[in-house]
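Here is what each chain is made of, one letter per residue.
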Amino acid sequence: MNARVMIVVLFFVLLAWLVRGLVVEVAARRERKTPAPKPRPQVPGETDDNPLAVPTAAVVETRLDGQPCRRCGTPTRVREHLARQGLREVTLHCPHCALDATRYVRITTVH
Ligand SMILES: [Zn+2]
């Protein structure tokens with residue numbers, strides 16, 4: 001292998017190394033610019049292990065009716081209200097975007 005071929009090969013090796021470094025740097029910068037999404041704070045009633053506590057069943061619907069829709073913020077309406085395994089399962093419906101959301105309610109007063 002003569003000296004000229006060696007120089008050309010070294011040039012391309014160096015070029016490949018520089019391009020690879022640039023690609024790694026650009027990817028790292030992009031990763032820094034997009035932080036991981038923060039977990040949304042847990043609102044009582046969104047999960048069955050963290051139900052909203054209300055004193056009596058009579059106030060379940062009045063407490064939940066009109067809650068803002070998670071997607072568009074429009075006040076929601078109570079569509080369904082079921083008693084299930086010691087909890088009330090309430091389906092909220094958004095009249096604007098049609099999103100249905102379930103809320104869990106625990107009745108604190110024992111009869
Ligand atoms: Zn909505």
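Residues numbered from 1 in each chain as written. Predicted model: local features only at pLDDT ≥ 70, side-chain atom pairs only at ≥ 80, totals over all residues.

### Some points on the overall build of the chain
At step 1: A count of helices and strands for the chain gives two helices and four strands.
At step 2: For the chain, the sequential pattern of α-helices and β-strands runs α-β-α-β-β-β.
At step 3: Compactness check: the chain gives a C-alpha radius of gyration of 29 Å against a globular reference of 13 Å for 111 residues, more than 25% above the reference.
At step 4: Taken along its principal axes, the extent of the C-alpha atoms in the chain is 95 × 30 × 20 Å.
At step 5: Within the chain, the fraction of its 111 residues that count as buried is 10%.
At step 6: Excluding contacts between residues fewer than 6 apart, the proportion of contacts in the chain whose partners are at least 24 apart in sequence is 44%. (Helix = DSSP H or I, 4+ residues; strand = E, 2+ residues; numbered from the N terminus. Rg over C-alpha atoms; globule rule 2.2 N^0.38 Å. Buried ≥ 20, exposed ≤ 12 C-beta atoms within 10 Å, placed from the backbone. Contact = placed C-beta atoms within 7 Å.)

### Topic: helix α1 (residues 3-33)
At step 1: Compared with an ideal rise of 1.5 Å per residue, which puts 31 residues at 45 Å, α1 spans 45 Å between its outermost C-alpha atoms and is within 8% of the ideal.
At step 2: With zero of 31 residues buried, α1 is to be regarded as a mostly surface element. (Expected span 1.5 Å × (residues − 1).)

### Structural notes on unusual backbone geometry
At step 1: Here Gln-85, not a glycine, exhibits a phi torsion of approximately 50°, which is positive.
At step 2: Assignment of secondary structure puts Gln-85 in the loop between β2 (77-84) and β3 (87-93).
At step 3: Judged by C-beta crowding, with 7 C-beta atoms within 10 Å, Gln-85 ranks as exposed.
At step 4: Phi is positive for Ala-98, close to 70°, though the residue is something other than glycine.

### Focus: the domain arrangement of the chain
At step 1: Domain annotation of the chain identifies domain 1 (1-34) and domain 2 (52-107).
At step 2: Each of domain 1 and domain 2 has a C-alpha centre, and these two points are 58 Å apart. (Domains from an automatic or database assignment.)

### Topic: the sheet that holds β2
At step 1: Taking strand neighbours across the sheet as the criterion, the four strands line up as β1-β4-β3-β2 in an open arrangement whose pairing is mixed. This sheet does not close on itself; its edge strands, each paired only once, are β1 (52-54) and β2. Going from strand to strand, the sheet's axes swing by 30° on average, the running direction of each strand aside.
At step 2: Where β3 lies against strand β4 (residues 100-107), six bridges are found, and the strand directions are antiparallel. Each residue of the ladder has a partner; that of Glu-89, found in β4, is Tyr-104. (Pairing = 2+ DSSP bridges. Axes fitted to C-alpha atoms, helices over the stretch in contact; angles between N-to-C directions.)

### Side note on the nonpolar core
At step 1: One finds Val-54, Val-60, Leu-64, Val-90, Leu-92 and Val-105 forming the largest nonpolar core, which totals six residues.
At step 2: For this core, the secondary structure elements donating two or more residues are α2 (60-64) and β3.
At step 3: Here Val-54 is in contact with Val-59, Val-60, Arg-63, Val-105, Ile-107 and Thr-108, once residues within four sequence places are set aside. (Core = buried A, V, L, I, M, F, W, Y, C linked by C-beta atoms within 7 Å.)

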